[in-house]
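Residues per chain are reported as follows:
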Amino acid sequence: RTQTLLKEYKERDKSNVFRDKRFGEYNSSMSPEEKMMKRFALEQQRHHEKKSIYNLNEDEELTHYGQSLADIEKHNDIVDSDSDAEDRGALSAELTAAHFGGGGGLLHKKTQQEGEEQGQAKSRKELIEELIAKSKQEKRERQAQREDALELTEKLDQDWKEIQTLLSHKTPKAENRDKKEKPKPDAYDMMVRELGFEMKAQPSNRMKTEAELAKEEQERLKKLEAERLRRMLGKDEDENVKKPKHTSADDLNDGFMLDKDDRRLLSYKDGKMNVEEDGQEEQSKEASDPESNEEEGDSSGREDTEESDSPESHSDLESNIESEEENEKPAEEQQQAPGRGLTSGKERAGKAARDELPYMFAAPESYEELRSLLLGRSMEEQLLVVERIQKCNHPSLAEGNKAKLEKLFGFLLEYVGDLATDDPPDLRVIDKLVVHLYNLCQMFPGSASDAVRFVLRDAMHEMEEVIETKGRATLPGLDVLVYLKITRLLFPTSDFWHPVVTPALVCLSQLLTKCPILSLQDVVKGLFVCCLFLEYVALSQRFIPELINFLLGILYIATPNKASQGSTLVHPFRALGKNSELLVVSDREDVATWQQSSLSLRWASGLRAPTSTEANHIRLSCLAVGLALLKRCVLMYGSLPSFHAIMGPLRALLTDHLADCSHPQELQELCQSTLTEMESQKQLCRPLTCEKSKPVPLKLFTPRLVKVLEFGRKQGSSKEEQERKRLIHKHKREFKGAVREIRKDNQFLARMQLSEIMERDAERKRKVKQLFNSLATQEGEWKALKRKKFKK
């Protein structure tokens with residue numbers, strides 16, 4: 001295992017494989033000397049060349065960096081003759097030796113040669129002058145060659161230009177005119193050119209964040225509120241504006257007046273002379289109204305463009321009121337003193353400002369405070385108050401505004417319930433307040449879900465208490481129905497489970513099953529609950545058996561009892577009794593005068609009893625709504641097996657009972673269209689049923705009896721049977737041996753792994769100990785150094 005399994009274990013994560021290709025490494029029959037000799041022979045054979053295959057006495061050639069040592073010892077430097085011609089501008093050997101090599105050997109050599117020729121020696125200065133003259137001569141020759149080449153090149157260029165004029169052939173103008181005109185650009189080319197000349201997009205200002213928008217809205221409302229307070233207190237619009245002073249033409253502006261300037265500026269407004277009030281009156285007003293002056297000072301520092309552009313600005317209210325009332329006054333009153341007209345205009349503007357809706361509202365801390373803000377106002381003013389409360393208390397403006405708006409959602413929900421319980425209920429205001437509830441729910445979904453769940457839980461607890469005390473409970477009021485409607489608008493209804501929608505669905509199902517139908521108001525409320533059920537499951541397509549049961553009950557109580565005998569009704573309807581024919585209409589005149597219209601929830605929540613004609617019309621309208629809802633259910637659940645189970649009673653009720661009744665033509669057509677939709681629906685799924693045929697039993701074999709002569713042994717077996725038993729026994733023994741070897745392998749690998757872990761731990765302990773020792777040594781040295789410095 002050490003030679004096989006351990007090697008595999010060590011190489012388990014390695015992709016490279018090391019193969020030992022040494023000759024005779026694993027051949028135990030060869031001795032080490034034979035292996036060495038065979039390896040040397042193979043190496044010599046690999047390096048042996050083909051030309052010396054028959055030369056047995058050839059010595060081995062030694063090399064150094066790929067070159068033969070015999071060639072290197074000969075010192076044969078090969079010089080390329082072509083390299084001298086290519087090296088232009090290089091210094092000659094004589095010049096280099098003269099200037100950089102000292103010139104001793106070269107000059108001495110030349111002196112000997114020339115001395116032999118001329119018979120006398122030259123000095124060093126003469127030799128250097130000759131070298132300089134020779135180099136200048138060579139330079140002049142090269143310059144002359146370069147100038148000759150340039151002249152030849154220019155001459156060749158001129159000759160080529162002359163030849164080129166002869167080769168070129170110009171077409172006459174007449175031939176150019178005969179050529180075809182250029183094709184006109186098509187629509188694509190024109191569009192490409194137009195796009196090229198179009199103005200590029202200009203960068204726009206960045207979009208403001210929600211916090212910046214809320215801050216700007218708060219500033220705008222503060223400015224409008226300050227302006228309203230100014231008008232309410234009767235202050236002039238240009239009171240805090242700096243007034244121009246009279247200056248002469250030769251004034252140099254180099255003097256300062258320490259006393260107050262008592263001069264007045266003469267001006268006219270609307271044909272009247274404006275007389276400024278005395279300074280004492282202004283000072284008294286400022287002393288009496290310090291808060292208003294501060295608000296005016298804050299608002300006057302802002303931009304005037306926002307005030308003029310804002311849709312709620314009332315800066316022109318004072319001038320409009322003055323001009324309208326002055327036109328109504330007689331001519332005698334218009335000739336009175338201008339001061340009196342100004343004071344009366346201020347009083348009227350102040351009264352209008354008091355009646356105006358404030359722009360800044362604090363978040364209400366209780367429901368009574370919110371109710372006092374909204375009660376007695378019109379629908380538009382109520383919506384404006386709620387909107388300004390949200391803008392003035394946006395969560396990004398202050399830290400505690402989030403909790404205030406979360407409370408506001410609960411207060412608005414309670415106020416909606418109060419509006420629904422009024423007589424008559426103000427449904428228009430409720431419809432508009434749903435928008436603000438939706439915005440708050442999007443901002444604070446957690447607190448909104450808790451508030452709605454709390455309201456629904458209270459309604460269900462009240463119904464359970466009434467059922468425990470009286471045994472039955474009527475359908476709740478319009479406030480609970482409105483809460484259920486708002487729940488569908490605020491939260492998603494298609495989720496499989498939702499913390500608010502799921503309890504609302506349970507609440508709706510309990511209303512349809514536990515509340516008996518005792519009056520026409522209960523029928524109207526029940527049909528409204530059915531409409532809410534269909535709206536809840538419009539996306540999820542859930543099957544609601546309570547809804548189908550209630551609609552079937554509506555059809556049953558719309559037919560006489562004698563025609564519906566034998567039919568089965570479930571709670572909350574009764575087959576016999578006072579309310580078993582609640583929707584039956586026997587008056588022919590009322591049937592003839594009925595017109596199809598929607599049911600009003602105002603009547604369901606009101607206390608006024610309807611007349612007999614109105615009651616009959618309501619019965620027919622309830623039946624029409626029930627048939628329409630049943631048609632929607634057929635379209636939604638027509639392919640479900642559970643709906644097909646009730647199609648039989650429903651089809652019989654529509655064909656046998658309602659067809660015989662004297663209902664209006666609209667109801668007959670609606671009933672017929674429902675039957676047509678039922679016939680057109682096909683069952684896509686088959687309901688689960690038990691298997692009719694019995695399962696096939698397993699085959700039973702007759703046991704074979706073998707005579708046993710000795711206890712524990714079977715006698716009388718054939719040769720094949722004995723061979724088979726022997727092979728089975730051998731296979732069992734081999735299997736046990738293989739299992740035993742596998743266990744030993746696992747134990748060996750476990751020991752190897754444990755040894756590796758112990759080695760790693762020991763190495764880690766050694767390193768940690770070494771680190772601690774070094775740190776202790778450093779600490780001792782540092783303490784000794786510190787002690788030495790302290791002694792010094």
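Predicted, not measured: the structure shown is a model, and the values here were computed from it. (Residues numbered from 1 in each chain as written. Predicted model: local features only at pLDDT ≥ 70, side-chain atom pairs only at ≥ 80, totals over all residues. Heavy atoms only, no water.)

**Student:** When you look at the overall build of the protein in this model, what are you seeing that I'm missing?
**Tutor:** Scanning the protein from terminus to terminus reveals 32 helices and 4 strands. Counting the 792 residues in the protein, one finds 27% classified as buried. Partitioning the contacts of the protein with sequence separation of at least 6, the portion at a separation of at least 24 is 71%. Taken as a whole, the protein presents about 59,100 Å² of accessible surface, with 53% of it coming from carbon and sulfur. (Helix = DSSP H or I, 4+ residues; strand = E, 2+ residues; numbered from the N terminus. Buried < 20%, exposed > 50% of the residue type's maximum accessible area, 1.4 Å probe, protein only. Contact = heavy atoms within 4.5 Å. Areas by Shrake-Rupley, 256 points an atom, 1.4 Å probe, with all protein chains shown as cover.)

**Student:** Would you take a moment to explain the pattern of salt bridges for this structure?
**Tutor:** One pass over the structure, following the stated rule, counts 21 salt bridges. Of the charged contacts in the structure, one is a salt bridge between E216 and K208, with a shortest N-O distance of 2.3 Å. On the basis of relative accessible area, K208 is assigned to the partly exposed category, the value being 44%. Here the salt bridges do not stand alone but share partners, grouping E217, R220, E387 and K391 into one network. (Salt bridge = Lys/Arg side-chain N within 4 Å of Asp/Glu carboxyl O.)

**Student:** Just checking my understanding: could you explain the UniProt feature "coiled-coil region" (unreviewed entry) in the protein for this structure?
**Tutor:** The residues that UniProt annotates with the feature "coiled-coil region" (unreviewed entry) are residues 128–155. A helix fraction of 100% and a strand fraction of 0% characterise residues 128–155, whose end C-alpha atoms lie 41 Å from each other. (UniProt positions renumbered as here; feature names shortened; annotations may be inferred.)

**Student:** What is the right way to read the environment of Q541 from this model?
**Tutor:** Assignment of secondary structure puts Q541 in the loop between α24 (520–536) and α25 (545–557). Take Q541: its relative accessible area is 41%, and that puts it in the partly exposed class. Linking Q541 and M636, residues 95 residues apart in sequence, is a C-alpha distance of 7.0 Å. Each residue touching Q541, except ones within four places of it in the same chain, is listed here: M636 and Y637.

**Student:** Just checking my understanding: could you explain the packing of helix α19 (residues 401–421) against helix α20 (residues 427–443) for this structure?
**Tutor:** A pair of packed helices can be characterised by two numbers: the angle between their axes and the separation between those axes. Relative orientation of the contacting elements α19 and α20 amounts to 155°, with a least axis distance of 10 Å. In terms of orientation, α19 lies roughly antiparallel with respect to α20. The handedness of the crossing between α19 and α20 is left-handed. Contact with α19, carried on its side by L405, L408, F409, L412, L413, Y415, V416, L419 and A420, involves V429, I430, L433, L437, L440, C441 and M443 of α20 and no other residues of that element. For the contact of α19 with α20, the per-class residue count stands at 16 nonpolar, no polar and no charged. (Axes fitted to C-alpha atoms, helices over the stretch in contact; angles between N-to-C directions. Parallel < 35°, antiparallel > 145°, perpendicular 65-115°, else oblique. Left-handed = near helix turned anticlockwise from the far one by under 90°. Nonpolar A, V, L, I, M, F, W, Y, C, P; charged D, E, K, R; others polar.)

**Student:** How should I be thinking about a negative patch on the surface in this particular structure?
**Tutor:** Taken together, the side chains of E147, D148, E151, E154, D157, D159 and E162 make up a negatively charged region of the molecular surface. Along the chain, the position of D159 falls in helix α7 (residues 124–167). (Patch = residues over 30% accessible without salt bridge, like charges linked within 9 Å, V, L, I, M, F, W, Y side chains within 5 Å. Lys, Arg positive; Asp, Glu negative; His and termini not counted. Charge placed at Lys NZ, Arg CZ, Asp CG, Glu CD.)

**Student:** Any chance you could explain the nonpolar core here in plain terms?
**Tutor:** Nonpolar side chains in soluble globular proteins generally cluster together in the buried interior. Of all hydrophobic cores here, the largest spans 112 residues; its most connected members are F409, L484 and L511. Taken together, domain 1 (357–473) and domain 2 (516–684) each give at least three residues to this core, which thus spans both. The contact partners of F409, leaving out residues within four places of it in the chain, are L437, L440, C441, A448, A451, V452 and L490. (Core = buried A, V, L, I, M, F, W, Y, C linked by side-chain atoms within 4.5 Å. Domains from an automatic or database assignment.)

**Student:** Explain the packing of aromatic side chains to me, please; I cannot follow it from the model alone.
**Tutor:** Summed over all chains, the structure comprises 1 aromatic pair. Taking 5.2 Å as the distance between ring centres and 85° as the angle between the ring planes, the aromatic pair formed by F543 and Y637 counts as edge-to-face. Taken together, the positions of F543 in the loop between α24 and α25 and Y637 in helix α28 (residues 612–637) put the pair 94 residues apart, joining distant regions of the chain. Directly above the aromatic system of Y9 lies the positively charged group of R12, at a separation of 4.0 Å from the ring centroid. (Phe/Tyr/Trp six-rings, centres within 6.5 Å; stacked < 30°, edge-to-face > 60°. Lys NZ or Arg CZ within 6 Å of the ring centre and 35° of its normal.)

**Student:** Help me understand the confidence of the model for the protein in this model?
**Tutor:** Parts of the model with low pLDDT should not have their predicted coordinates read in detail. Looking at the protein, the pLDDT average stands at 76 and 69% of residues meet or exceed 70. Segment residues 77–87: pLDDT under 50, and 0 contacts once partners within four positions in sequence are set aside and those in other chains are kept. Note that pLDDT drops below 50 for residues 276–342; the model gives that stretch 69 contacts with residues more than four away or on any other chain. (pLDDT = per-residue confidence, 0-100.)

**Student:** Could you clarify how one ought to interpret a nonpolar patch on the surface in this entry?
**Tutor:** Residues W160, I163 and L167 make up a contiguous nonpolar surface patch of about 350 Å² in total accessible area. With respect to the helices, strands and loops of the structure, W160 is situated in helix α7.

**Student:** What am I meant to see in empty space enclosed by the protein here?
**Tutor:** If a probe as big as a water molecule is rolled over the atoms, it shows which places are left empty. Here the structure, examined in full by the defined rule, presents 2 cavities of 30 Å³ or more. In this structure, the second largest cavity occupies an estimated 30 Å³ of space. Every residue lining the second largest cavity is listed: L413, V452, Y483, I486, T487, L490 and F491. Per element, the largest residue contribution to the lining of the second largest cavity is 4 residues, and it comes from helix α22 (residues 478–490). Split into classes, the residues belonging to the lining of the second largest cavity amount to 6 nonpolar, 1 polar and no charged. (1 Å grid on protein atoms, 1.4 Å probe; cavity = no way out; pocket = protein on both sides within 12 Å on 5 of 7 lines; lining within 4 Å. Points joined across faces, edges and corners; volume = space filled by probe spheres on them.)

**Student:** Where do I start with the side chain of K35 in this structure?
**Tutor:** Summarising the element assignment, K35 is placed in helix α2 (residues 32–47). Look at K35: it is buried, it has no salt bridge, and the nearest opposite charge is E25 at 5.4 Å. Filtering out sequence-adjacent residues up to four positions away, K35 remains in contact with F23, G24, E25, N27 and M30.

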